[in-house]
Amino acid sequence: MSPAPQTIVKQTIVKPVERGIELLDRVDYRLVETPTDKDIIYRLRYRAYLNEGAIESNSDRRISDRFDDMPNSWIFGVYLDGTLASSIRLSISSPQHPLTPSVDVFNDFLQPEVDRGKVMVDPTRFVAEPELAGRYPELPYLTLRLCFVACSFFDADLGLATVRPEHRTFYRRLFNHQPLSPPRLYPGLIKPICLMAVDFPASREMVFTRYPYLRSSYFERRMLFERRVGASARASVDSPFPSIVPKSLDRPLKS
């Protein structure tokens with residue numbers, strides 16, 4: 001007898017999450033900063049976008065933009081067993097550095113939040129190595145975990161997501177993102193995307209309780225994001241070296 005529909009749905013949601021937790025011990029999140037390392041990521045973006053039909057082919061075989069070099073952007077490579085498996089860019093909109101890719105493209109929706117002084121984590125350029133994406137359906141969970149690590153580190157008000165229309169259900173169901181805009185074109189892509197957002201302070205405990213693997217330690221957050229003095233922070237903590245950690249996060253592990 002075939003399993004009930006709700007059982008099938010549950011399996012498709014839970015299994016990758018559970019396996020993702022198991023794979024965390026094999027994952028290395030690496031901050032990408034050198035021109036050589038960035039070029040590797042730009043070429044991964046090209047392969048991934050071309051594979052899913054999101055771009056036209058080009059002779060350069062790389063995808064990059066002006067936000068890659070902005071002081072409020074962090075580019076990460078996600079390595080599985082030492083092999084580059086995926087990448088994501090996290091841009092932080094704050095009163096000090098308000099401009100991010102989503103603020104630029106969806107300014108009519110996000111400028112009011114900027115004017116209110118909101119801190120927003122804006123993940124873009126989320127790509128996976130085509131050869132590995134099919135073998136590891138956990139990659140989206142492992143990669144998007146960085147968004148929640150960033151939300152905790154920067155004491156974010158909103159966690160953004162710019163996704164294709166067919167992916168909205170995934171983000172709403174798993175991470176409690178809510179749709180904010182109809183689809184529109186993103187520069188350089190041929191498939192339209194939508195803007196979504198999650199109220200991080202209101203949703204964090206619910207999301208972390210449902211998916212404990214999204215939690216992070218204070219040490220992990222600092223190791224991943226503390227690299228520039230004064231970038232995208234509300235305040236800095238007292239320490240022997242300059243820090244951009246919000247004071248509200250300078251405490252023992254909570255999340």
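Whatever comes next refers back to the structure up there.
How each quantity is defined
Starting from 1, residues in each chain are numbered consecutively following that chain's sequence as written. Totals for whole chains, interfaces and linings use every residue, but because this is a predicted model, local features are given only for residues with pLDDT of at least 70 and side-chain atom pairs only at 80 or more, for both listing and counting. For the side-chain quantities, the full set of heavy atoms in the structure was used; hydrogens and water were omitted. The numbering of helices and of strands both runs from the N terminus, where a helix is a DSSP run of H or I of at least 4 residues and a strand a run of E of at least 2. The classification of residues rests on relative accessible area computed with a 1.4 Å probe and restricted to protein chains. Under 20% of the type maximum is buried, over 50% is exposed, and intermediate values are partly exposed. Two N or O atoms count as a polar contact when they lie within 3.5 Å, although within protein this holds only if one can serve as hydrogen donor and the other as acceptor, and sequence-adjacent residues are included solely when both atoms are side-chain atoms. Pairs of residues are marked as contacts when any of their non-hydrogen atoms sit within 4.5 Å. Directions from the helix axis toward the C-beta atoms define the arc. Note on aromatic contacts: the rings of Phe and Tyr and the six-membered ring of Trp form a pair at centre separations within 6.5 Å, being stacked when their planes are under 30 degrees apart, edge-to-face when over 60 apart, and tilted otherwise.

## Describing the side chain of Glu 129
Here comes step 1: Locating Glu 129 in the fold gives a position in the loop between strand E4 (120-128) and helix H5 (130-133).
Here comes step 2: Taking the relative accessible area as the measure of exposure, Glu 129 reaches 13% and is therefore buried.
Here comes step 3: At 2.6 Å, the side chain of Glu 129 forms a polar contact with the side chain of Arg 47.
Here comes step 4: The contact partners of Glu 129, leaving out residues within four places of it in the chain, are Leu 44, Arg 47, Leu 84 and Ala 85.

## Section: helix H8 (residues 200-210)
Here comes step 1: Every buried residue of H8 is accounted for by Phe 200, Ser 203, Arg 204, Val 207 and Phe 208. Within H8, the buried residues cover an arc of 130° as seen down the axis, which keeps them to one side. Turned more than 90 degrees away from the buried face of H8 sit Ala 202 and Thr 209, all of them exposed.
Here comes step 2: In this fold, the buried residues of H8 make contact with helix H6 (139-153), helix H7 (168-175) and strand E7 (194-199).
Here comes step 3: Of the residues that open H8, the one with a side-chain oxygen 3.2 Å from the backbone nitrogen of Ala 202 is Asp 199.

## A look at the packing of aromatic side chains
Here comes step 1: Tallying each qualifying case throughout the model produces 14 aromatic pairs.
Here comes step 2: For the ring pair Tyr 211 and Tyr 213, a centre distance of 6.5 Å and an interplane angle of 75° mean the geometry is edge-to-face.
Here comes step 3: According to the relative accessible area criterion, Tyr 211 is buried, its value standing at 8%.
Here comes step 4: The rings of Tyr 141, Phe 148, Phe 170, Tyr 171, Phe 175, Phe 200 and Phe 208 are connected pair by pair, giving a single aromatic cluster.

Function cannot be inferred from these measures alone, as they are strictly geometric.
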